[in-house]
Amino acid sequence: MDKEGLLRKIDCVSFMIIDLGLYLDTHPNDVNAAEAFRNYRKERKELLKEFETNFYPLTMDCCCETLNPESSSALDQTVKKENCECIFCWGKGSEPWKGCCEPAAKA
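This report concerns the structure included in the present document. (Residues numbered from 1 in each chain as written. Predicted model: local features only at pLDDT ≥ 70, side-chain atom pairs only at ≥ 80, totals over all residues. Heavy atoms only, no water.)

Attention now goes to the nonpolar core. Residues Leu6, Ile10, Val13, Ile17, Leu47, Leu48, Phe51 and Tyr56 constitute the largest nonpolar core, which totals eight residues. Listing elements by their share of this core, those giving two or more residues are α1 (3-26) and α2 (31-54). For this core, the leading source of residues is α1, giving four residues. Excluding its chain neighbours within four sequence positions, the residues that come into contact with phenylalanine 51 are Lys3, Leu6, Leu7, Ile10, Tyr56 and Leu58. (Core = buried A, V, L, I, M, F, W, Y, C linked by side-chain atoms within 4.5 Å. Buried < 20%, exposed > 50% of the residue type's maximum accessible area, 1.4 Å probe, protein only. Helix = DSSP H or I, 4+ residues; strand = E, 2+ residues; numbered from the N terminus. Contact = heavy atoms within 4.5 Å.)

Let us now look at the side chain of serine 14. With respect to the element layout, serine 14 can be found in helix α1. Residue classification places serine 14 among the buried residues on the basis of a relative accessible area of 15%. Here isoleucine 10 takes part through its backbone oxygen, which lies 2.8 Å from a polar atom of the side chain of serine 14. (Polar contact = N/O pair within 3.5 Å; in protein donor to acceptor, adjacent residues only side chain to side chain.)

A separate point is α2. The periodicity of an α-helix, 3.6 residues per turn, causes residues three or four positions apart to be oriented the same way. When the terminal C-alpha atoms of α2 are compared, their 35 Å separation across 24 residues agrees well with the 34 Å that a helix rising 1.5 Å per residue should span. Those residues of α2 that sit buried are Ala33, Ala34, Leu47, Leu48, Phe51 and Glu52. Looking at the buried side of α2, the elements it contacts are α1. Where α2 starts, the residue carrying a side-chain oxygen 3.1 Å from the main-chain nitrogen of asparagine 32 turns out to be aspartate 30. (Expected span 1.5 Å × (residues − 1).)

What follows is the structure in structure tokens.
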């Protein structure tokens, strides 16, 4: 899926999560709505991971520090403990409003 298509899908799924969350506030015993809510949350997490892998992180929970064996930063130490493979890219490319992790030359 291309970047714009994936962003559109993330937006749609995010809207459904918010909408179902509001519905569940007033209908907490609706099992079907609760199941749909869980399914959309799972789908959103997978879509965010796909977007992060192919483009750049969209949310703070998609980011962590790049593993740097020489670094003693707290974030790097956390990554080492969690065996995390994701990246924390701020300062390594263009400004977030120009495309976060895309190289500055592309933005």
